[in-house]
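# Coordinates in review
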Amino acid sequence: MSASFVRSLIVGSIVLLSAASITTAAEDAAAGSVPPEPIAESALSLEALVAIAESSSPNLGQAAAEVEMARGRARQAGLYPNPIASGGAMQLGGRDSQYYGQLSQEIVTRRKLQLDQAAVCREVFQAESRYIRVRFELLTAVRIGYFNVLVGQKRVDVLGQLVEIARKSESAAERLQAAGEGTRSDTILLQLELEKAEVALENAEAILSAARRQLAAEMGSRDLQIGRVEGDVLTSLETFAAQVLVDGYVPYNADVTVAELEVDRNRLLLQRARVQPYPNVTINAGYMREYRGLDNIALLNVEVPLPVWNKNQGNIYAAQAGVSRAAQNVAQVQNTIAQQVADAQGRYRAADQNCQRYEKRIVPLAREGVQLIQQGFQQGQFDFLRLLQAQRALVEAQLGYLNALETRWLTAAELGSLAQVEAFP
């Protein structure tokens, strides 16, 4: 077997790696059209995963139940007190017996029931806002899990191609050694490359399997078998980034709504505390029958507590402090969101810069290096170790690009959660 033939085998395998690398949008345009990656029939899109999660997530179901519970409490808070019926005998014994029956009704004054119901209605609105927050937390978890799986699939594909290339290179080196034109040390180096590639592939497959199980659990369907997911890691995020990558941008989300509603609720509770000293009136009306004289006697009694000592001073003072605390909490929530947005924006910009650098410089340079060393290797100017180094640099560039894309997607999902973006990306 000639050395030129073995060189051709090795170079051919390296060419496969260059052709199998991640394509960019610019390269697709330059090449005309690149056929999309075939998708299995069981492949799920992000929209399909979100639909499954919204229908099966226990967290979302709990949030919906809490809304209904709050609505029930609001209805109960506005109900008027029931009348009390009572009766009996004031005296039993022969002709002196007296029998009576009466109804008692508490009259609520100063619109206390309306204030109670209004305060609890704010809790209903808060529960609805918390439902929105839980839903976007679910959407974010599904989006993050989806992109972990999507990038994991691509990583497994790249490493799988690397394993195939390493196997062909090892086989070629063994043929070269058998023909007396190679050395055992060269073959061992290629075998080590194969071992490294196989370990990397096994690790990537294990991580991908775990990501799929984690995604199913986040969706609330832990028994769901997720195969390949449909999508493109190179999908543009420019439209999304234009909405949220604004310095000083603080989104108005469900957390802010809950905090503002808490201010309204505390103000209503303060009004309620101020009208508490005004007494409710209890009216008792009834009928009594005296057996001896066969007399019919009407009964009427009015009870009014006198707010002499207890004027609800302590509760009024506490309610005032509650309004102040709730108002300060609104600013605190906004500051917290601003901090989280600033952190996510910084990480997104850094990841986007990495993606741009990999796409425009690092990956093209790695490909060019492989091509140049391929030509030199065919002409006998370089040994196969230089070719292996170029191959390794290209693989590392591809995997680094994938990592940068993954980080950009995950930080974008965090920003989407904070801004509560419905359509993503």
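The preceding data block contains the structure.
Everything in this summary refers to the structure shown in the same document. Just so it is clear, the structure is predicted and the values come from calculations on it, not from any experiment.

Conventions adopted
- Residues numbered from 1 in each chain as written.
- Predicted model: local features only at pLDDT ≥ 70, side-chain atom pairs only at ≥ 80, totals over all residues.
- Heavy atoms only, no water.
- Helix = DSSP H or I, 4+ residues; strand = E, 2+ residues; numbered from the N terminus.
- Buried < 20%, exposed > 50% of the residue type's maximum accessible area, 1.4 Å probe, protein only.
- Contact = heavy atoms within 4.5 Å.
- Areas by Shrake-Rupley, 256 points an atom, 1.4 Å probe, with all protein chains shown as cover.
- Expected span 1.5 Å × (residues − 1).
- Axes fitted to C-alpha atoms, helices over the stretch in contact; angles between N-to-C directions.
- Parallel < 35°, antiparallel > 145°, perpendicular 65-115°, else oblique.
- Left-handed = near helix turned anticlockwise from the far one by under 90°.
- Pairing = 2+ DSSP bridges.

### A look at the overall build of the protein
What the protein contains, in helices and strands, is 10 helices and 4 strands. Taking all 425 residues of the protein together, 38% fall into the buried category. A separation of at least 24 residues holds for 82% of the contacts in the protein among residues at least 6 apart in sequence. Of the roughly 23,300 Å² of accessible surface on the protein, 53% is carried by carbon and sulfur atoms.

### Observations concerning helix α9 (residues 313–378)
Structurally, the α-helix is built with 3.6 residues per turn, so residues lying three or four positions apart point the same way. Along its 66 residues, α9 runs 94 Å from first to last C-alpha, staying within 8% of the 98 Å computed at 1.5 Å per residue. Of the residues one or two after α9, glycine 380 is the one with positive phi, at around 80°.

### Side note on helix α6 (residues 184–218)
With 35 residues, α6 extends 51 Å from end C-alpha to end C-alpha; this agrees with the ideal 51 Å at 1.5 Å per step. For α6, the complete set of buried residues consists of Thr187, Leu190, Glu193, Leu194, Ala197, Leu201, Ala204, Leu208, Ala211, Leu215 and Ala216. Positive backbone phi, at 85°, marks glycine 220, one or two positions downstream of α6.

### Let's talk about the packing of helix α3 (residues 46–56) against helix α5 (residues 112–178)
The contact between α3 and α5 brings their axes to 10 Å, and the two run at 140°. When the interaxial angle is binned, α3 and α5 end up oblique. Every pair of crossing elements has a handedness; the one defined by α3 and α5 is right-handed. Residues Leu46, Leu49, Val50, Ala53 and Glu54 of α3 pack against Arg135, Leu138, Leu139, Val142, Arg143 and Tyr146 of α5.

### Overview of the sheet that holds strand β1 (residues 84–91)
Pairing is antiparallel in the open sheet, where 4 strands are placed in the order β1-β2-β3-β4. Pairing within the sheet leaves two strands with one partner each, and these edge strands are β1 and β4 (295–303). Across the sheet, the mean angle from the axis of one strand to that of its neighbour is 20°, orientation sign disregarded.

### Looking at the environment of proline 364
Within the secondary structure layout, proline 364 lies in helix α9. The sequence separation of proline 364 and leucine 394 amounts to 30 residues, and the corresponding C-alpha distance is 9.0 Å. Setting aside residues no more than four positions away along its own chain, proline 364 makes contact with Tyr358 and Glu359.

### Re the packing of α5 against helix α8 (residues 254–275)
Two numbers describe a pair of packed helices, the interaxial angle and the distance between the axes. Following both chains from N to C, one finds α5 and α8 inclined at 170°, their axes separated by 9 Å at the closest point. The angle between α5 and α8 places the two elements in the roughly antiparallel class.

### Let's talk about the side chain of serine 57
Tracing the backbone shows serine 57 in the loop between α3 and α4 (58–77). The residues contacting serine 57, other than those within four sequence positions of it, are Leu138, Met219 and Gly220.

### Some remarks on the pairing of strand β2 (residues 98–107)
Across 7 bridges, the pairing between β1 and β2 is antiparallel. By the bridge assignment for β2, glycine 87 is matched with glycine 101. Adjacent in sequence and paired antiparallel, β1 and β2 are bridged by 6 residues, among which glycine 93 carries a positive phi angle near 145°. With 10 bridges connecting them, β2 and strand β3 (residues 281–290) associate as antiparallel partners. When the bridges of β3 are listed, glutamine 102 appears paired with glycine 286.

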